[in-house]
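Chain and residue survey
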Amino acid sequence: MTTTVTLEQEMNPWEAQAARFDFAARKLNLDEGLWKVLRSPSREIIVHFPVLLDNGKVELFTGYRVHHSVARGPGKGGIRYAPDVNLDEVRALASWMTWKCAVVNIPFGGAKGGVICDPKKLSQGELERITRRYTAEIMEFIGPEKDVPAPDVNTNEQTMAWIMDTYSMHMRQTVTSVVTGKPITMGGSRGRREATGRGIRVVCVEALRYLNMPVEGCRVVIQGFGNVGSNAAHLLMEMGCKIIGIAEYDGGLYNANGIDIHALVEYRERNSSIVGFRGAEAIESANLLTSVCDILIPAATENVITSRNAAKIQARIVCEGANGPTTAVADEILADKGIFIVPDILANAGGVTASYFEWVQDRQGYFWKEEMVNERLEEILKESFADVVHYAQTHDVNNRIAAYMLAIDRVAGVIRQRGFYA
Ligand code: GLU
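Residues numbered from 1 in each chain as written. Predicted model: local features only at pLDDT ≥ 70, side-chain atom pairs only at ≥ 80, totals over all residues. Heavy atoms only, no water.

This paragraph deals with the state of the cysteines. According to the stated counting rule, one finds 0 disulfides in the structure shown. Considering cysteine sulfurs only, Cys218 is the nearest to Cys241, which forms no disulfide, with 4.5 Å between them. (Disulfide = S-S within 2.5 Å.)

See below:
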């Protein structure tokens with residue numbers, strides 16, 4: 001698919017997205033016009049805004065919000081805070097949201113946001129001021145019927161509460177459905193916090209069944225122990241899987257008999273790191289990725305499985321909890337090795353699916369029991385998994401390309417039928 005690319009191109013998420021998109025679009029025989037429309041984001045907002053820091057100085061911050069497509073419904077997607085977030089990354093993430101919402105067939109388009117900042121170096125007060133000012137800057141482009149942000153890397157329920165409040169102050173009324181991933185006390189949905197992890201569990205179990213592998217005793221390695229990784233770990237452990245490795249940015253843990261995830265979560269809460277946990281041996285995170293296991297779950301950020309380590313991956317299944325953890329070049333290497341991929345736009349769609357439920361509940365003003373959220377989430381993820389593997393079989397493509405083709409076809413169908421406003 002991608003023959004000669006430089007390392008820089010390989011590591012650029014936008015290029016990675018475009019490589020898969022082009023391949024899938026070609027397979028679909030997508031006409032040239034729609035190809036151009038869907039390859040490009042529909043709107044890109046860049047804002048530079050001042051924030052008063054605790055030391056009395058003013059700092060200028062840069063934020064992005066990209067709408068990739070709003071053809072199937074309002075834009076949907078998280079906001080990430082990171083020192084290295086850039087426009088190409090946000091563009092890629094926005095497109096992945098379009099495909100993700102289409103794969104699970106929920107009525108949203110795709111969007112994403114980012115603010116260049118290092119949350120580790122900012123106080124709560126500074127984070128609040130950054131969030132509120134960023135919200136004010138993108139105000140006219142978001143809204144329950146326009147674009148509905150949510151948490152992503154380094155943002156959380158508190159961030160969503162500030163966005164909801166800022167937006168509501170300007171609207172002169174409380175508008176809970178402007179964001180999802182809010183605290184339950186103010187219109188958040190039960191089950192939303194664990195939803196991405198829950199979705200991962202569903203697709204892992206489906207993949208094991210599909211490959212005739214037992215769930216009980218299945219050896220799992222997880223990279224990233226944030227919201228996605230830690231919830232996936234504990235939910236998979238509940239099913240009888242053994243979490244033999246956890247890789248974090250500051251060190252990894254290995255225990256062939258399975259790590260006690262509850263104990264690890266408690267340890268991390270006390271020590272703000274998994275390093276030093278006594279229930280497992282310390283191991284370098286890079287070595288964990290290439291260790292022998294049944295399922296490898298990259299659950300942090302992009303570019304974790306690349307041309308540099310793909311040939312060494314020994315997992316039978318790679319289930320992508322993060323967005324874009326595998327580069328397009330690495331895809332081919334994993335395919336040659338016969339590794340079964342559950343692609344990001346399917347694997348981590350549990351989060352946005354529960355966000356959809358939250359948006360529906362907010363608009364109805366009627367809130368569901370957690371069992372109902374979980375049941376409906378599991379149903380959607382199971383069906384979507386079956387759709388993707390069926391598409392892969394019947395079109396003779398791998399799971400990732402199948403997911404893209406399914407998604408592109410759904411979005412293109414809607415655009416064609418809506419027609420072109422002139
Ligand atoms: N940030 C999550 C994702 O990448 C959730 C997005 C949402 O709920 O809108 O899927």
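There's plenty left to go through after this.
Looking now at unusual backbone geometry. Backbone geometry at Asn105 places phi at a positive 60°, although glycine is not the residue there. Here Asn105 shows up in the loop between α4 (87–103) and β4 (110–116). Positive phi is not limited to glycine here, since Ser272 has a value of about 50°. Within the secondary structure, Ser272 sits in the loop between α9 (261–271) and β9 (281–283). The class for Ser272 is exposed, based on a relative accessible area of 60%. (Helix = DSSP H or I, 4+ residues; strand = E, 2+ residues; numbered from the N terminus. Buried < 20%, exposed > 50% of the residue type's maximum accessible area, 1.4 Å probe, protein only.)

The next subject is the pattern of salt bridges. Inspection of the entire model under this criterion finds 28 salt bridges. Across the salt bridge formed by Lys182 and Glu358, the nearest N and O atoms sit 2.7 Å from each other. Taken together, the residues span a long stretch of sequence, with Lys182 in the loop between α6 (157–171) and α7 (195–210) and Glu358 in helix α13 (residues 350–364) at a distance of 176 residues. Two residues, Asp331 and Arg400, come together in a salt bridge whose shortest N-O distance is 2.7 Å. Of the two residues, Asp331 sits in helix α11 (residues 328–336) while Arg400 sits in helix α15 (residues 399–418), which places them 69 residues apart along the sequence. Across the pair, exposure class does not vary: Asp331 and Arg400 are buried alike. It is possible to trace a salt-bridge network through shared partners that takes in Arg20, Glu320, Asp331, Asp344 and Arg400. (Salt bridge = Lys/Arg side-chain N within 4 Å of Asp/Glu carboxyl O.)

Turning next to the side chain of Lys100. Of note, Lys100 is situated in helix α4. Buried and unpaired, Lys100 has no salt bridge, with Asp152 as the nearest side chain of opposite charge at 6.5 Å. Aside from chain neighbours lying at most four places away, what touches Lys100 is Asn323, Asp344, Ile345, Asn348, Ala349 and Val352. (Lys, Arg positive; Asp, Glu negative; His and termini not counted. Contact = heavy atoms within 4.5 Å.)

In the region of the ligand, 14 residues are neighbours, and Lys76, Lys100, Pro151, Asp152 and Ser355 sit closest. One of the side-chain N or O atoms of Lys112 is found 3.0 Å from an oxygen atom in the ligand. In the complex, 94% of the free accessible area of the ligand, which totals 290 Å², lies under the protein chains. Secondary-structure elements contributing two or more residues to the shell around the ligand are β3 (75–82), α4, β5 (147–151) and α13. (Near = heavy atom within 4 Å. Polar contact = N/O pair within 3.5 Å; in protein donor to acceptor, adjacent residues only side chain to side chain. Areas by Shrake-Rupley, 256 points an atom, 1.4 Å probe, with all protein chains shown as cover.)

A few words now on the packing of aromatic side chains. Any pair of aromatic rings gets described here by the distance separating the centres and the angle formed by the planes. The full count for this structure, using the stated rule, is 13 aromatic pairs. Ring centres 6.3 Å apart and planes at 35° place the aromatic pair Tyr356 and Trp359 in the tilted group. You can see Tyr356 and its partner Trp359 sitting in helix α13, 3 residues apart, about one turn around the helix. According to the relative accessible area criterion, Trp359 is buried, its value standing at 7%. Grouping aromatic residues by their ring pairs yields a cluster made of Phe108, Tyr356, Phe357, Trp359 and Trp368. Above the face of the Trp359 ring, Arg363 is positioned so that its terminal group lies 3.9 Å from the ring centre. Across from the ring centre of Trp368, 4.7 Å away, lies the NZ or CZ of Arg376, which sits over that ring. (Phe/Tyr/Trp six-rings, centres within 6.5 Å; stacked < 30°, edge-to-face > 60°. Lys NZ or Arg CZ within 6 Å of the ring centre and 35° of its normal.)

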